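# Structural overview
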Amino acid sequence: SQLQEQKPNHGLNTSIQALEQIQSKIQEKQEEVNSTMPNSTKNQKMAAVAVQTMETTASMFGKSEANVSRISNEIKNSFQISTRAEERIRGRSGFVKFFAGGDNEAAGLIVQEIARNENRIRELNRLIDDSDFDSQTKAVLQDQVQNIEQEQLRLKALAEEELNNKGLFGWIWK
């Protein structure tokens, strides 16, 4: 009887511990990202924190650990590809943009990564929903996924703007 009374409490303590652990990881990653990515946008930083949080908390997902870890790693790699493409876009001179238009290759790369990440985000949300975490912990993790989605929206807007920039003579090549 005494053991039965302790069991529900143990579950509550485990939920609280999981939540506190995740919140601690988020704060730790925020500090790390702020010091290592000083020139990045707020969305980039929040997405980086989210991906790193998912990576470091993957072990808490039990049977889904490998999937969460794989998806987090794929999103992280995708963001690295998108960041390089964005740097190409941002580094393109105004002179070239004026005459030749936007960098369609770099913008296309970003669009491609966004499409891949949409599937990864869906899978990540499913894994969070299917997890044994309590609703509060799930909400914290879903907030992290929303941060990834916000970065996706920012990248999509950047890519669309670049693709729509035809330049003065860009219509010749595009």
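Computed from a predicted structure; not experimentally measured. (Residues numbered from 1 in each chain as written. Predicted model: local features only at pLDDT ≥ 70, side-chain atom pairs only at ≥ 80, totals over all residues. Heavy atoms only, no water.)

## Considerations on the pattern of salt bridges
- Following the criterion strictly, the structure yields 13 salt bridges and no others.
- Residues Glu105 and Arg88 are paired through a salt bridge, measuring 3.7 Å at the closest nitrogen-oxygen approach. Remark: Arg88 occurs in helix α3 (residues 65-91) and Glu105 occurs in helix α5 (residues 104-130); sequence separation between them is 17 residues.
- One connected set of salt bridges, linked through shared partners, spans Glu86, Arg90, Glu151 and Arg154. (Salt bridge = Lys/Arg side-chain N within 4 Å of Asp/Glu carboxyl O. Helix = DSSP H or I, 4+ residues; strand = E, 2+ residues; numbered from the N terminus.)

## Observations regarding the environment of Lys76
- Here Lys76 is to be found in helix α3.
- Its relative accessible area of 30% is what places Lys76 among the partly exposed residues.
- For the pair Lys76 and Ala47, spaced 29 residues apart in sequence, the C-alpha to C-alpha distance is 9.1 Å.
- Those residues in contact with Lys76 that sit more than four places away from it in its chain are Val51 and Glu55. (Buried < 20%, exposed > 50% of the residue type's maximum accessible area, 1.4 Å probe, protein only. Contact = heavy atoms within 4.5 Å.)

## Some words on the packing of aromatic side chains
- The final tally for this structure, using the stated rule, is 3 aromatic pairs.
- Taking 5.1 Å as the distance between ring centres and 90 degrees as the angle between the ring planes, the aromatic pair formed by Phe61 and Phe133 counts as edge-to-face. Here Phe133 lies in the loop between α5 and α6 (135-164) and Phe61 lies in the loop between α2 (42-57) and α3, a separation of 72 residues in the sequence. The pair Phe61 / Phe133 is uniform in exposure class, with both members buried.
- Between Phe95 and Phe99, the ring centres sit 5.0 Å apart and the planes meet at 65 degrees, which makes this aromatic pair edge-to-face. With Phe95 and Phe99 both in helix α4 (residues 94-100) and 4 residues apart, the pair spans about one turn of that helix.
- Classification of Phe95 as exposed rests on a relative accessible area of 60%.
- The class of Phe99 is partly exposed, set by a relative accessible area of 28%.
- An aromatic cluster is built from Phe95, Phe98 and Phe99, whose rings are joined through pairwise contacts. (Phe/Tyr/Trp six-rings, centres within 6.5 Å; stacked < 30°, edge-to-face > 60°.)

## A word on the confidence of the model for the protein
- On average, residues of the protein score 84 in pLDDT, and 86% of them are at 70 or above.
- No element of the protein has a lower mean pLDDT than helix α1 (residues 2-36), at 64, and none a higher one than α5, at 96.
- Here residues 1-12 scores under 50 on pLDDT; set against residues more than four positions off or in separate chains, the count is 0 contacts. (pLDDT = per-residue confidence, 0-100.)

## Some remarks on a nonpolar patch on the surface
- On the surface, Phe98, Leu168 and Phe169 cluster together into a nonpolar patch covering about 290 Å² of accessible area.
- If you trace the backbone, Leu168 turns up in the segment after α6.
- Residue Leu168 is classed as partly exposed on the basis of its relative accessible area of 42%. (Patch = residues over 30% accessible without salt bridge, like charges linked within 9 Å, V, L, I, M, F, W, Y side chains within 5 Å. Areas by Shrake-Rupley, 256 points an atom, 1.4 Å probe, with all protein chains shown as cover.)

## Some details on α6
- Here α6 contains 30 residues, and its C-alpha end-to-end distance of 42 Å stays within 8% of the 44 Å for a straight helix at 1.5 Å per residue.
- N-cap assignment for α6: the residue whose side-chain oxygen lies 3.2 Å from the backbone N of Gln136 is Asp134. (Expected span 1.5 Å × (residues − 1). Polar contact = N/O pair within 3.5 Å; in protein donor to acceptor, adjacent residues only side chain to side chain.)

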